[in-house]
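# Architecture and fold: a report
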Amino acid sequence: MSYFDAASAAPLHPVARQALQASFDEGWADPARLYREGRRARLLLDAAREAAAEAVGCRPDELVFTTSGTRAVHSGIEGALAGRRRVGHHLIVSAVEHSSVLHSADLHEASGGAVTRVRVDRAGRVSPSAYAEALGPGTALACLQSANHEVGTEQPVAEVARMCREAGVPLLVDAAQSLGWGRVEGDWSLLTASAHKWGGPAGVGLLVVRKGVRFAPQGPADERESGRAAGFENVPAIVAAAASLRAVQAEAVQEAARLRELTERIRARVPVLVPDVEVVGDAVHRLPGIVTFSCLYVDGETLLHELDRAGFSVSSGSSCTSSTLTPSHVLKAMGVLSEGNVRVSLPPGTGEEDVERFLSVLPGTVSGVREKLGAPTAVTKVPASADALVVDALGRRCPIPVIELAKVIGDVPVGGTVRVLSDDEAARLDIPAWCEMRGQEYVGEEPAEHGSAYVVRRLS
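Only a predicted model underlies this, so the values are computations on that prediction, with no experimental measurement involved.

## What about the side chain of glutamate 62?
Structurally, the position occupied by glutamate 62 is in the loop between α2 (36-56) and β2 (63-66). Taking the relative accessible area as the measure of exposure, glutamate 62 reaches 5% and is therefore buried. Within the local environment of glutamate 62, its side chain forms a polar contact with the backbone nitrogen of arginine 59, the two atoms lying 2.9 Å apart.

Take a look at the structure:
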């Protein structure tokens, strides 16, 4: 079995396992107590904090350990907004942030705050000038991930941080995906990360608040972790998280070069091996181990199951999964194809032979899924006029509306139109994406009695 979902959770690093086992005997006691066992636990906790701070590039007293990366994000945003409430209530986030950031933004907005969601380009990258335009006298906080968790695109953090600093606005960086590869450059103010992303144990997050940043922890007061992270510290897990962070960063340069070659091989060969595929994400500014592509006319959930049966664990941002009926917010913000989406994220140590086997298995797997979808009987084509067709795909989920559009586009003359009737949210993204891939014109969306009508004009 080849595990290709390291962006969700990296396998436990050997150093983390060793540190975890070793610290069970010394780090089980309360590090706040003054007796011998407590002092031993405190020494381990302090050493872990220093090691993590060195890896991040901050002072040890600026860093606290939380129970997860999500908790670090929530605490960081809440505390920064509360600390600067006299300045204003305006929050800036990018449209492709992790859900933990976007959920915090939604809550802030529901509580009366203002939120600007900065758009990204088709590669998933923000424009620093867009952040500069969003900054205002009432801006309390800006948030920007260092790299995207779904497509691997790296963001211009240093430039955005400089603009925020000039405007007197703190920037919170979600570094969950990138910290294992090295420090986040730039004059950022707050940073969050999660140990299970770099091969540490789950249940350990980092929250860094630079000196001078106004910060007011929210929730009941607690003396743990400088009052910024409530609850008893899991010292063995924290020790393992810090030890593995140092270890993966020490290996990062060599391993990054190796994984970049493997992911570049996937990026280059998948479109050759599999027809009607869109590789998404920035081709240059991206993390070493992540490559994401979307396949036309494919049910994402079925594709993942078939790849699992073939021995590959991958993930998807497709709308056609058991957990959601709407496209990934990241793919939606980028305006790229969402159906049949596959994210391959290689863990350190992935072998060349595993990638080659994946490339040999993928074409037949996609072809088999497409063949199974075939021609659904519930979808009918109704002629509207000599140069127009209506495809009734109401009640059918992706990728059926796009499949039926592809079947009939040749039945209208050049300049003719096809109106696709659909009540699936994914059609709003996937039909325009299909048009761009196939050189047809997406005219737009029109209201319909049920769902919407998506109008496509044949150009060739």
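On we go.
## Some details on the UniProt feature "domain: UPF0033" (unreviewed entry) in the protein chain
As recorded in UniProt, the feature "domain: UPF0033" (unreviewed entry) lies at residues 391-415. Helix makes up 36% of residues 391-415 and strand 8%, and the two end C-alpha atoms of the span are 17 Å apart.

## Looking at the sheet that holds strand β12 (residues 341-345)
With respect to topology, three strands assemble into an open sheet ordered β9-β10-β12, the strand pairing being antiparallel. The open sheet terminates on both sides in strands that have one partner only, identified here as β9 (277-280) and β12. Within this sheet the neighbouring strands show an average axis-to-axis angle of 20 degrees, counted without direction. Where strand β10 (residues 290-295) lies against β12, five bridges are found, and the strand directions are antiparallel. When the sheet's bridge partners are listed, isoleucine 290 is paired in β12 with serine 345.

## Describing the sheet that holds strand β5 (residues 139-145)
Strand order in the open sheet made by the seven strands is β2-β8-β7-β6-β5-β3-β4, with mixed pairing throughout. Looking along the sheet, the strands with just one partner apiece sit at the ends: β2 and β4 (114-118). Neighbour-to-neighbour, the strand axes of this sheet turn through a mean angle of 20 degrees, independent of strand direction. In the packing of helix α4 (residues 99-110) onto the sheet, contacts are made with β3 (90-94), β4 and β5, and the angle to β4 comes to roughly 145 degrees. Each of β5 and β6 (171-174) is contacted by helix α6 (residues 157-167), which is oriented at about 160 degrees to β6, the strand it contacts most.

## Section: helix α7 (residues 235-273)
Across its 39 residues, α7 extends only 48 Å between first and last C-alpha, which sits more than 12% below the 57 Å expected from 1.5 Å per residue. The sharpest bend along α7 measures roughly 60 degrees and falls at alanine 252.

## Focus on the pattern of salt bridges
One pass over the structure, following the stated rule, counts 33 salt bridges. Its salt-bridge partner being aspartate 106, residue arginine 117 comes within 3.1 Å of it at the nearest N-O pair. With a gap of eleven residues between them, arginine 117 in strand β4 and aspartate 106 in helix α4 connect regions that are remote in the sequence. Between aspartate 187 and arginine 165 there is a salt bridge, and its shortest N-O distance comes to 2.9 Å. Of this pair, aspartate 187 sits in the loop between β6 and β7 (190-194) while arginine 165 sits in helix α6, and the two are 22 residues apart along the sequence. On the accessibility criterion, arginine 165 (41% relative accessible area) is partly exposed.

## A look at the pairing of strand β16 (residues 441-447)
Pairing between β16 and strand β17 (residues 452-457): six bridges, direction antiparallel. Residue pairing for β17: glycine 444 is matched across the bridge by valine 455. Count of turn residues in the β16/β17 antiparallel hairpin: four residues, of which glycine 451 carries a positive phi of about 70 degrees.

## Remarks on the packing of aromatic side chains
The full count for this structure, using the stated rule, is three aromatic pairs. Seen from their ring centres, phenylalanine 4 and phenylalanine 312 are 5.6 Å apart, and the 45 degrees between their planes marks the pair as tilted. With phenylalanine 4 in the loop between β1 (2-3) and α1 (14-24) and phenylalanine 312 in strand β11 (residues 312-313), this residue pair connects regions lying 308 residues apart in the sequence. Accessibility assignment for this pair places phenylalanine 4 and phenylalanine 312 in one class, buried. Taken together, a centroid distance of 5.8 Å and an interplanar angle of 70 degrees make the contact between phenylalanine 4 and phenylalanine 358 edge-to-face. With phenylalanine 4 in the loop between β1 and α1 and phenylalanine 358 in helix α10 (residues 352-373), this residue pair connects regions lying 354 residues apart in the sequence. Each member of the pair, phenylalanine 4 as well as phenylalanine 358, is classed as buried.

Cut-off values and rules
Position labels on residues start from 1 in each chain and follow its written sequence. With the structure being a predicted model, the display of local features is reserved for residues of pLDDT at least 70 and the display and counting of side-chain atom pairs for 80 or more, all residues being used for whole-chain, interface and lining totals. Excluded from the side-chain calculation are hydrogens and water; included are all heavy atoms of the structure. A run of H or I in DSSP becomes a helix once it reaches four residues, and a run of E becomes a strand once it reaches two; helices and strands are each numbered from the N terminus. Here's how the labels work: a residue is buried when its accessible area is under 20% of the maximum for its type, exposed when over 50%, partly exposed in between, all with a 1.4 Å probe on protein chains only. Whenever two N or O atoms come within 3.5 Å, that pair is a polar contact, provided that in protein one can donate a hydrogen and the other can accept it, and provided that, for residues adjacent in sequence, both atoms are side-chain atoms. UniProt positions are given in the numbering used here, feature names are shortened, and annotations may be inferred rather than shown by experiment. In this scheme, strands are said to pair when DSSP sees at least two bridges between them. Axis geometry follows a simple rule: fit a line to the C-alpha atoms, using only the stretch in contact for helices, then measure angles between N-to-C directions, giving values from 0 to 180 degrees. Here a residue-residue contact requires only that any non-hydrogen atoms of the pair lie within 4.5 Å. Multiplying 1.5 Å by the residue count of a helix minus one yields the expected span of that helix. Note on bend: the value at a residue is the angle between axes fitted to the seven residues ending there and to the seven starting there. Basic side-chain nitrogens of Lys or Arg form a salt bridge, by our definition, when they fall within 4 Å of a carboxyl oxygen of Asp or Glu. Only Phe, Tyr and Trp rings are paired, with Trp represented by its six-membered ring, and only when their centres lie within 6.5 Å; those with planes under 30 degrees apart are stacked, over 60 edge-to-face, the remainder tilted.

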